[in-house]
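Reading the structure
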Amino acid sequence: MFFFSRAGLKFLLPVLEIPQQGLHTLFLGNNPALGDTLIEELFVAINKGGCITTLGLSNCNIQECDWTRYLPFMSKLETLDMSYNNIDDNNFGKLCKALEKCYCLKHLDIGHNKFGGIKCNVIEQMLAANGALVSLSLCGNRCDDAVWDAIHRGLLENGTLLQLSLTECNITLPNAHILCQAFAENDICTIDLENNPLPKET
């Protein structure tokens, strides 16, 4: 585990801009001092270098998602962990919009952030349009009932996603029924509903 100061990450950025520099996996998690400005610079550097395939940014005090505009242009980034940050409804919307045209990212963890309001219905269009994601974690985000309905509709159009993790989302039985209706059309996606207030099987 590496803990980067702001100066330390600044030193790393020029290295990431070099194509074929050999660094493919970068974990910067648990560095809350990084924040939005440096994360934006990080994505600029990764986009220029084009070599990073796995990027871990859990618990880095990220709220703004303006960096998402680079996602459609990245050809190598396959795994992104943005869990335990401060992404709110508006910035979740930016992320979903970028993912509609992102063809590289296969695994995305945005669990335990701060989104969940009705604005998050944009996830429906993202799921319908995205043809790359095979696993998506929304764990720990307690969404509006309408958002679960939007996810259901998005899954009806999605033929790529294999794993959707919704643990600890305070999903009720009516929410679960709506989500599971997607299985009538989508038989490839598995939904993980552990640690939600659902009745025990009898």
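Up top you'll find the structure we're talking about.
Here's what I pulled together on the structure shown here. (Residues numbered from 1 in each chain as written. Predicted model: local features only at pLDDT ≥ 70, side-chain atom pairs only at ≥ 80, totals over all residues. Heavy atoms only, no water.)

1. Side note on the overall build of the protein chain
So the rule is basically this: Secondary structure elements are taken from DSSP: a helix is a run of H or I of four residues or more, a strand is a run of E of two residues or more, and numbering for both begins at the N terminus. It is over C-alpha atoms that the radius of gyration is taken, and the globule rule equals 2.2 Å times the number of residues to the power 0.38. For every residue, the accessible area obtained with a 1.4 Å probe (protein chains only) is divided by the maximum for its type, and the residue is called buried under 20%, exposed over 50%, and partly exposed between those limits. When checking whether two residues touch, look at their non-hydrogen atoms; a contact exists if any pair is within 4.5 Å. A 1.4 Å probe and the Shrake-Rupley method give the accessible areas. Residues count as covered only by the protein chains that appear here.
Check the secondary structure of the protein chain and you find 6 helices and 7 strands. Helices (α) and strands (β) of the protein chain occur, in sequence order from the N terminus, as α-β-α-β-β-α-β-α-β-α-β-α-β. Taken against the 2.2 N^0.38 rule, which gives 17 Å for 202 residues, the C-alpha radius of gyration of the protein chain at 17 Å falls within 12% of a compact globule. Judged by the C-alpha coordinates and their principal axes, the protein chain covers about 55 × 30 × 30 Å. The buried share among the 202 residues of the protein chain stands at 47%. Summarising the internal contacts of the protein chain: among those between residues at least 6 apart in sequence, 85% fall at separations of at least 24. Total accessible area on the protein chain is roughly 9,700 Å²; 54% of this is exposed by carbon and sulfur atoms.

2. Some thoughts on the sheet that holds strand S2 (residues 54-56)
Where strands meet in a sheet, backbone hydrogen bonds hold them as pairs that are either parallel or antiparallel. We count it as follows: For two strands to be treated as a pair, DSSP must find at least two bridges joining them. Think of each axis as a best-fit line through the C-alpha atoms, taken over the contacting stretch in the case of a helix, with angles from 0 to 180 degrees between the N-to-C directions.
Read across the open sheet, the 7 strands follow the order S1-S2-S3-S4-S5-S6-S7; overall the sheet is parallel. Every interior strand has two partners, whereas the edge strands, strand S1 (25-27) and strand S7 (190-192), have only one. When strand polarity is set aside, the average angle formed by the axes of neighbouring strands in this sheet is 5°. For strand S6 (residues 163-165) and S7, the ladder comprises 3 bridges, and the chain directions are parallel. Across the sheet, Ser 165 pairs through a bridge with Asp 192, a residue of S7.

3. Re the packing of aromatic side chains
Let me state the cut-off plainly: The aromatic pairing rule takes the rings of Phe, Tyr and Trp, using the six-membered ring of Trp, and pairs them if the centres are within 6.5 Å, calling planes under 30 degrees apart stacked, those over 60 edge-to-face and the rest tilted.
In total, this model carries 2 aromatic pairs according to the counting rule given. Geometrically, the ring pair formed by Phe 43 and Trp 67 is stacked, given 4.4 Å between the ring centres and 15° between the ring planes. Taken together, the residues span a long stretch of sequence, with Phe 43 in helix H2 (residues 35-49) and Trp 67 in the loop between S2 and strand S3 (79-81) at a distance of 24 residues. Both residues of the pair, Phe 43 and Trp 67, count as buried.

4. Section: the pattern of salt bridges
A side chain of one charge can pair with a side chain of the opposite charge when the charged atoms of the two come close. This is how the line gets drawn: Salt bridges, as used here, are contacts in which a Lys or Arg side-chain nitrogen is within 4 Å of a carboxyl oxygen on Asp or Glu.
Evaluation of the coordinates by the stated rule reveals 6 salt bridges. The closest approach of N and O atoms between Glu 40 and Arg 69, which form a salt bridge, is 2.6 Å. With Glu 40 in helix H2 and Arg 69 in the loop between S2 and S3, this residue pair connects regions lying 29 residues apart in the sequence. Look at Arg 69 and you get partly exposed, because its relative accessible area is 44%. The salt bridge involving Asp 149 is made with Arg 153; its shortest N-O contact spans 3.0 Å.

5. Regarding the nonpolar core
Worth spelling out the cut-off: Nonpolar cores were defined as sets of buried Ala, Val, Leu, Ile, Met, Phe, Trp, Tyr and Cys residues, with membership established by side-chain atoms within 4.5 Å.
Formed by 62 residues in total, the largest nonpolar core has its most connected members in Leu 42, Phe 43 and Leu 57. Contributions of two or more residues to this core are made by helix H1 (6-16), H2, helix H3 (89-99), helix H4 (123-129), helix H5 (145-157) and helix H6 (173-180). With 6 residues, H2 is the single largest residue contributor to this core. Ignoring any residue separated from it by four or fewer positions in sequence, one finds Leu 42 in contact with Leu 9, Leu 13, Leu 16, Leu 26, Leu 28, Leu 55 and Leu 57.

Fair warning: the whole summary comes from geometry, so function is off the table for now.
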